[in-house]
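Each chain is listed here by its residues.
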Amino acid sequence: MKHLIDPMDLTTEEISEILDLADDIILNKEKYSQICQGKKLATLFFEPSTRTRLSFEAAMMELGGNVLGFSSADSSSASKGESVRDTVRVVECYADIIAMRHPKEGAPLLASLNVDIPIINAGDGGHNHPTQTLTDLLTIRREVGRLDHFTIGFCGDLKFGRTVHSLIKALSRYEGIKIVLISPNELKVPDYIKTDILDKGNVEYIEVKSLENSMPELDVLYMTRVQRERFFNEADYVRLKDTYILDMNKLQNAKEELAILHPLPRVNEISVKVDDDKRAKYFVQALYGKYVRMALIMKLLGLEA
Ligand code: NCD
């Protein structure tokens, strides 16, 4: 494993190793606090982010390393017309590892073909978001107790939501996973997810519209925001944005042990009252994102404690 571009770049064994390492980091923070001394992480974010960029930066700092980078295309030479290829070839002179987010699908892959240092895809358009997937898997493993034999509902924008696409890919390789895809017609998962991932992996799935009707059977509920920035017109966004709002009422017939995940940012799709329910795991999920990125940075740099 040199780069992490697509969740399928990782075998399930490699995923287990990263999650095991993250678990150990959570227990023994001190042991890892100087591992990346003298190393630099560059965060190249051509698209906005709070959690992903800051959790990468916090992860590198907690490993004793340093960070540099930019947080918008406007503040980089991309605004002068520089290509991604040239940008990463230059950044390679200054850093040991790169985390890149880009609005264009495939930009981090292109970058990885042009440099010798590890590139991590921190989200490319509506395509993939493998480090959010590692975050989600760590959250499920810690909060549900296993990565197999459970039913997960994905609810909201399944068309443009890259975190959904990446997590479905990763889960398609575990035993006994049942997937309930909950969305309006306009926001269904792309066909390639069904043909190339779900059908090929023999994953049991259904597509439905009602969150309420699906609720009783779910062990995990993965809520998502409607991805405004990827819509072609504002009217469609306004019409669809509030299709699903999870509130305490809708949780009435949910399992006691349900785990509610959300990659965040939340807009309106989960009522703040749900935050105090013990089933709400989305803030601890954001915390786990930092530890899993610490583990990933160590693996990609070939470092051991
Ligand atoms: C997600 C993303 O960027 O795709 N956010 C994140 O990284 N936690 C989800 C989103 O923006 O809706």
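Residues numbered from 1 in each chain as written. Predicted model: local features only at pLDDT ≥ 70, side-chain atom pairs only at ≥ 80, totals over all residues. Heavy atoms only, no water.

Here we take up the domain arrangement of the protein. You can read the domains of the protein as domain 1 (7-128 + 289-301) and domain 2 (131-285). When each unit is reduced to the centre of its C-alpha atoms, the spacing between domain 1 and domain 2 is 25 Å. If you look at the interface, domain 1 gives 32 residues, while domain 2 gives 25 residues. Summing both partners gives a buried area of about 2,300 Å² for domain 1 against domain 2, and 54% of it is carried by carbon and sulfur. (Domains from an automatic or database assignment. Contact = heavy atoms within 4.5 Å. Buried area = accessible area lost by both parts, 1.4 Å probe.)

What follows concerns the site of the ligand. Within the structure, the ligand sits among R51, T52, R101, H129, Q132, R162, T163, R225, Q227, P263, L264 and P265. Contacts to the ligand include H129, whose side-chain N or O atom sits 2.7 Å from an oxygen atom. One of the side-chain nitrogen or oxygen atoms of R225 is found 2.7 Å away from an oxygen atom of the ligand. The protein chains hide 94% of the 320 Å² of surface that the ligand would expose on its own. (Near = heavy atom within 4 Å. Polar contact = N/O pair within 3.5 Å; in protein donor to acceptor, adjacent residues only side chain to side chain. Areas by Shrake-Rupley, 256 points an atom, 1.4 Å probe, with all protein chains shown as cover.)

Moving on: unusual backbone geometry. Here L264 and P265 are connected by a cis peptide whose omega angle stands at 5°. Turning to its location among the elements, P265 is positioned in the loop between β9 (259-261) and α10 (282-301). Residues other than glycine seldom take positive phi values, yet H149 does so here, at roughly 55°. With respect to the helices and strands, H149 occurs in the loop between α5 (130-143) and β5 (150-155). Positive phi values are uncommon outside glycine, yet N202 reaches one of about 55°. As for its position among the elements, N202 is in the loop between α7 (191-199) and β7 (204-208). (Helix = DSSP H or I, 4+ residues; strand = E, 2+ residues; numbered from the N terminus.)

We now examine the sheet that holds β7. A sheet is described by the order of its strands in space; here five strands give the open sequence β7-β6-β5-β8-β9, paired in parallel fashion. Sheet topology places β7 and β9 at the edges, where each strand pairs with a single neighbour. With strand direction ignored, the average angle separating the axes of adjacent strands in the sheet is 15°. Here six bridges tie β5 to strand β6 (residues 177-182), and the two strands are oriented parallel to one another. When the bridges of β6 are listed, T151 appears paired with K178. (Pairing = 2+ DSSP bridges. Axes fitted to C-alpha atoms, helices over the stretch in contact; angles between N-to-C directions.)

According to the stated counting rule, one finds five aromatic pairs in the structure shown. A centroid spacing of 5.2 Å and a plane angle of 80° characterise the contact between F46 and F70, whose relative ring orientation is edge-to-face. Of this pair, F46 sits in the loop between β1 (40-45) and α2 (51-62) while F70 sits in strand β2 (residues 66-70); the two residues are 24 residues apart in sequence, bridging distant segments of the chain. Connected via pairs of aromatic rings, a cluster forms that spans F160, F231 and Y237. Sitting above the plane of the F56 ring, R293 keeps its charged end 5.1 Å from the centroid. (Phe/Tyr/Trp six-rings, centres within 6.5 Å; stacked < 30°, edge-to-face > 60°. Lys NZ or Arg CZ within 6 Å of the ring centre and 35° of its normal.)

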